[in-house]
Amino acid sequence: MDKSTMTRRQLMGAASAGALTMLAPGAIHASAAPAGRAGKLALQGGRRVRTKPWPSWPVWDKAAEKSVLSILRSGDWFRGRGETVSKFEAKYAELLGATRCTCTVNGTNALLTAMHGLDVGVGDEVIVSPYTFIATYNVIIGSTALPVFADTDPETFQLDPDTIEERITDRTRAIMPVHILGIPADMDKIMAIAKKHNLVVIEDACQAWLAEWRGKKCGTVGDLGCSSFQNSKHLPCGEGGAVVGSDEELMDRIHSYHNCGRRYGSVQGSSQYPIIGTNRRMTEYQAAILLNQVQRLEADTERRWKNARYLTSKIKDIPGIVPHKLYDGVTKAAYHLYPFRYKKEHFNNAPKARFLAALTAEGVPCMGGYGPQYRDGLIEVALNSKNFQRSFSKARLDRYREELHYPGNDQLCEEAVWLSQSLLLAKKRDMDDIANALLKIYENRDKLA
Ligand SMILES: *Cc1c(COP(=O)(O)O)cnc(C)c1O
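Only a predicted model underlies this, so the values are computations on that prediction, with no experimental measurement involved. (Residues numbered from 1 in each chain as written. Predicted model: local features only at pLDDT ≥ 70, side-chain atom pairs only at ≥ 80, totals over all residues. Heavy atoms only, no water.)

Draft legend 1. Structural view of the sheet that holds strand β12 (residues 321-323). Read from one edge of the open sheet, three strands run β12-β14-β15, paired in antiparallel fashion. Single-partner strands in this sheet number two, and they are β12 and β15 (416-420). In this sheet, neighbouring strand axes are inclined to one another by 35 degrees on average, regardless of whether the strands run parallel or antiparallel. Across three bridges, the pairing between β12 and strand β14 (residues 337-342) is antiparallel. Each bridged residue has a counterpart across the sheet, and for isoleucine 321 the counterpart in β14 is tyrosine 342. (Pairing = 2+ DSSP bridges. Helix = DSSP H or I, 4+ residues; strand = E, 2+ residues; numbered from the N terminus. Axes fitted to C-alpha atoms, helices over the stretch in contact; angles between N-to-C directions.)

Next comes the structure, spelled out in structure tokens:
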């Protein structure tokens with residue numbers, strides 16, 4: 001036995017002995033706390049609460065290997081010579097309850113394709129949440145449209161719908177709600193505002209596979225919805241994306257556009273290329289992996305949804321840990337990330353970074369989430385670019401700069417803590433480890449700062 005194996009074994013033995021002294025699940029109030037739970041923080045050399053590994057991601061099976069290999073051996077690797085991409089498109093549209101789906105090389109390009117399809121671009125303004133992955137910023141800026149941020153509601157982590165209307169101008173063309181972390185945004189209010197002001201709605205559902213708003217899948221409530229199938233996502237194939245919609249002519253144009261502008265469905269003309277196009281086609285390999293991955297998506301989604309609600313019930317009474325809220329219209333959340341807020345005043349004013357380190361040390365990997373990215377310099381680069389200078393007046397850009405203040409979002413960036421989706425794929429009782437780790441840190445808060 002080599003030294004590293006020995007060390008790991010000894011470590012595991014020590015840690016599981018420690019776990020025996022942990023609080024019985026459910027006993028959350030201090031009055032019920034046995035002495036063991038308040039043991040030294042793992043950060044300070046104490047025993048970890050969680051010693052077992054969490055589920056890894058992604059997972060696949062032999063069947064996926066077989067179908068990828070058979071595509072390789074066929075030599076038909078692009079969708080023009082195979083059926084695999086079309087098959088997956090039909091399957092995904094059906095799963096979401098959309099009429100149509102067009103796959104793309106990735107989620108970023110799905111969003112760009114949706115923008116193009118709805119003719120949102122140069123000189124237009126798009127209302128969007130600042131609390132999102134940078135790709136959402138990039139597609140709007142990359143289309144030479146102005147990303148006009150509404151504020152974030154710290155309680156739900158979503159776009160605050162009550163801050164949208166004040167930001168609408170005569171150039172506003174679209175709202176791009178992001179169901180961030182896989183939690184649905186308030187689509188009732190967003191759709192009502194869009195209707196009132198004649199705006200199109202492109203849902204960035206790139207973290208929200210099978211999440212639901214009033215029983216409708218995220219991505220099918222607005223005019224178009226976009227998904228990502230990147231490696232870390234719940235339906236992964238390395239890189240991949242999709243646009244879903246139910247307007248047949250619009251979806252014909254989207255398909256044609258993503259395939260070099262070739263004739264497709266209602267897109268006809270005397271030329272072989274009746275419209276301006278690009279090439280954002282998914283390969284057959286990507287779709288083969290997706291057809292395999294999609295078989296587990298519903299069961300995984302259900303498990304994350306159940307475990308997330310259970311976890312919320314276990315942590316909601318811990319002082320200084322504020323669970324996220326769901327809007328009334330949420331009938332399912334996908335939980336690409338499980339979020340809560342950390343209130344340092346309940347933890348002896350220990351900075352969030354210290355709390356994250358303590359939780360990670362207890363065997364619960366966690367992250368601090370997005371920062372205020374609109375202050376990172378990217379926006380200034382965009383506004384000063386040739387495209388923006390030509391497409392927007394100086395007065396508009398000056399006013400835009402003055403309005404880059406988002407107190408709700410700033411507060412959320414300060415307080416947010418995320419747990420990865422793969423933790424929610426563990427068993428229900430594993431959620432108790434997360435709750436117990438949080439409680440242990442709370443009880444040791446005097447030693448945290
Ligand atoms: C992942 C993601 C995207 C972009 O998807 P890619 O497939 O990585 O290009 C867009 N928006 C959000 C919110 C995402 O999480």
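Draft legend 2. Layout of the site of the ligand. What surrounds the ligand is a group of 17 residues, the closest being Gly107, Thr108, Gln207, Ser228 and Lys233. Within the backbone of glycine 107, one N or O atom sits 2.7 Å away from an oxygen atom of the ligand. Take lysine 233: an N or O atom from its side chain is 2.9 Å from an oxygen atom of the ligand. Isolated, the ligand exposes 380 Å² of accessible area, and the fraction of that covered by the protein chains is 94%. Mapped by element, the contributors of at least two residues to the shell around the ligand are α4 (107-117) and α5 (134-142). Partitioning the shell around the ligand into residue classes produces six nonpolar, nine polar and two charged. (Near = heavy atom within 4 Å. Polar contact = N/O pair within 3.5 Å; in protein donor to acceptor, adjacent residues only side chain to side chain. Areas by Shrake-Rupley, 256 points an atom, 1.4 Å probe, with all protein chains shown as cover. Nonpolar A, V, L, I, M, F, W, Y, C, P; charged D, E, K, R; others polar.)

Draft legend 3. Representation of the packing of aromatic side chains. One pass over the structure, following the stated rule, counts 21 aromatic pairs. When the ring of tyrosine 342 is compared with that of phenylalanine 347, the centres are 5.0 Å apart and the planes differ by 50 degrees; the resulting orientation is tilted. Like phenylalanine 347, tyrosine 342 is buried. In this structure, arginine 304 is placed above the aromatic ring of tryptophan 57, and the distance from its NZ or CZ to the ring centre is 5.4 Å. Here the basic side chain of arginine 445 rests over the ring of tyrosine 442, its NZ or CZ set 4.0 Å away from the ring centre. (Phe/Tyr/Trp six-rings, centres within 6.5 Å; stacked < 30°, edge-to-face > 60°. Buried < 20%, exposed > 50% of the residue type's maximum accessible area, 1.4 Å probe, protein only. Lys NZ or Arg CZ within 6 Å of the ring centre and 35° of its normal.)

Draft legend 4. Region of the structure containing helix α6 (residues 187-197). For α6, every residue scored as buried is listed here: Met187, Ile190, Ile193 and Ala194. One side of α6 holds all its buried residues, which, seen down the axis, span an arc of 130 degrees. Facing away from the buried surface of α6 by more than 90 degrees, the exposed residues are Lys195 and Lys196. Residues of α6 that are buried sit in contact with β5 (158-159), β6 (172-176), β7 (200-204) and β8 (212-213). At the N-terminal boundary of α6, the capping side chain belongs to aspartate 186, with an oxygen 3.3 Å from the backbone nitrogen of aspartate 188. Once α6 ends, the next one or two residues include asparagine 198, with phi positive near 60 degrees. (Arc of directions from axis to C-beta. Contact = heavy atoms within 4.5 Å.)

None of the figures reported here should be taken as evidence of function without further support.
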